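# Chains, contacts and geometry: an overview
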Amino acid sequence: MDYQALHYIYRAAAEAPTGRTLLLLHGTGGDERDLLPLAQHFGPGLNVLSLRGNVLEGGMPRFFRRLGMGVFDEDDVRFRTHELAAFLRQISQEKGFDLNQVVAAGYSNGANIAGGLLLLYPELLAGAVLWRPMQPLTREVPSVTTSRPAPVFFNPGQHDPTVNPAATDRYEALLSGAGFALTRLDAPAGHNLTPADVAAAAAWYRQHFGAAGQ
């Protein structure tokens, strides 16, 4: 396939390395610098890999195309998810981090491409933080099962105008039914990411993966 490399920033763990890598995936209009300040909340022992999506919408980076607000180009979702998985395999070899110990943290569009990985590569991620998620594949939903019950932090907004609550419930059920260890926390917020969301995700991370050095 004609996959493109993704622009990225990679920072190897400087102290108390855990062997895990935090994969940061921005929302629409962000870039590889957007979520970097959040990495410190997850601990100093993580490698950090922050990516920029290869799709532009009105000059704004995204990880896959959409046809309208909340309507995804699902063919492109699949292509870009495969592209991302191929890139992760390549960059893990180049940088020397363990591909089996990658924990994704994505916001909005970034959460949705992370969801694409969960649905199409259910054994790939060690865990995932999904801030303000939407189900990325609904037309032809993959038959997903995983023997690796990776923990997933599922963080919709209670007042998010971009997401149908019933669709959120179906997405939660899909991931839970596939075998992921899902923790759902509905934020008293809209689509925006709040400091409370970041703190809750960091606490979830420590619960499931331990502190730096463990």
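Residues numbered from 1 in each chain as written. Predicted model: local features only at pLDDT ≥ 70, side-chain atom pairs only at ≥ 80, totals over all residues. Heavy atoms only, no water.

The name an unreviewed UniProt entry assigns to the protein is Carboxylesterase, from the organism Hymenobacter gummosus.

## Some thoughts on the sheet that holds strand E2 (residues 21–25)
With mixed pairing, the seven strands of this open sheet are ordered in space as E1-E3-E2-E8-E9-E10-E11. With partners counted over all chains shown, the strands left at the sheet margins are strand E1 (8–11) and strand E11 (181–184), one partner each. The sheet shows a mean angle of 15 degrees between the axes of neighbouring strands, taken without regard to direction. The sheet contact formed by E2 and strand E8 (residues 102–107) spans five bridges and is parallel. Directly across from threonine 21, in E8, lies its bridge partner valine 102. The strands touched by helix H3 (residues 165–178) are strand E9 (127–131), strand E10 (151–155) and E11; relative to E11, the strand with the most contacts, the crossing angle is about 150 degrees. (Pairing = 2+ DSSP bridges. Helix = DSSP H or I, 4+ residues; strand = E, 2+ residues; numbered from the N terminus. Axes fitted to C-alpha atoms, helices over the stretch in contact; angles between N-to-C directions. Contact = heavy atoms within 4.5 Å.)

## A word on the layout of surface pockets
The calculated volume of the largest pocket comes to roughly 230 Å³. For the largest pocket, the lining is made up of 15 residues, of which Gly70, Met134, Gln135, Thr138 and Ala167 are closest to its centre. When residues of the lining of the largest pocket are traced back to their parent elements, those giving at least two are strand E7 (71–72) and H3. If you tally residues by element for the lining of the largest pocket, the top one is H3, at four residues. Class assignment of the residues belonging to the lining of the largest pocket gives a composition of seven nonpolar, six polar and two charged. As a volume, the second largest pocket reaches approximately 170 Å³. (1 Å grid on protein atoms, 1.4 Å probe; cavity = no way out; pocket = protein on both sides within 12 Å on 5 of 7 lines; lining within 4 Å. Points joined across faces, edges and corners; volume = space filled by probe spheres on them. Nonpolar A, V, L, I, M, F, W, Y, C, P; charged D, E, K, R; others polar.)

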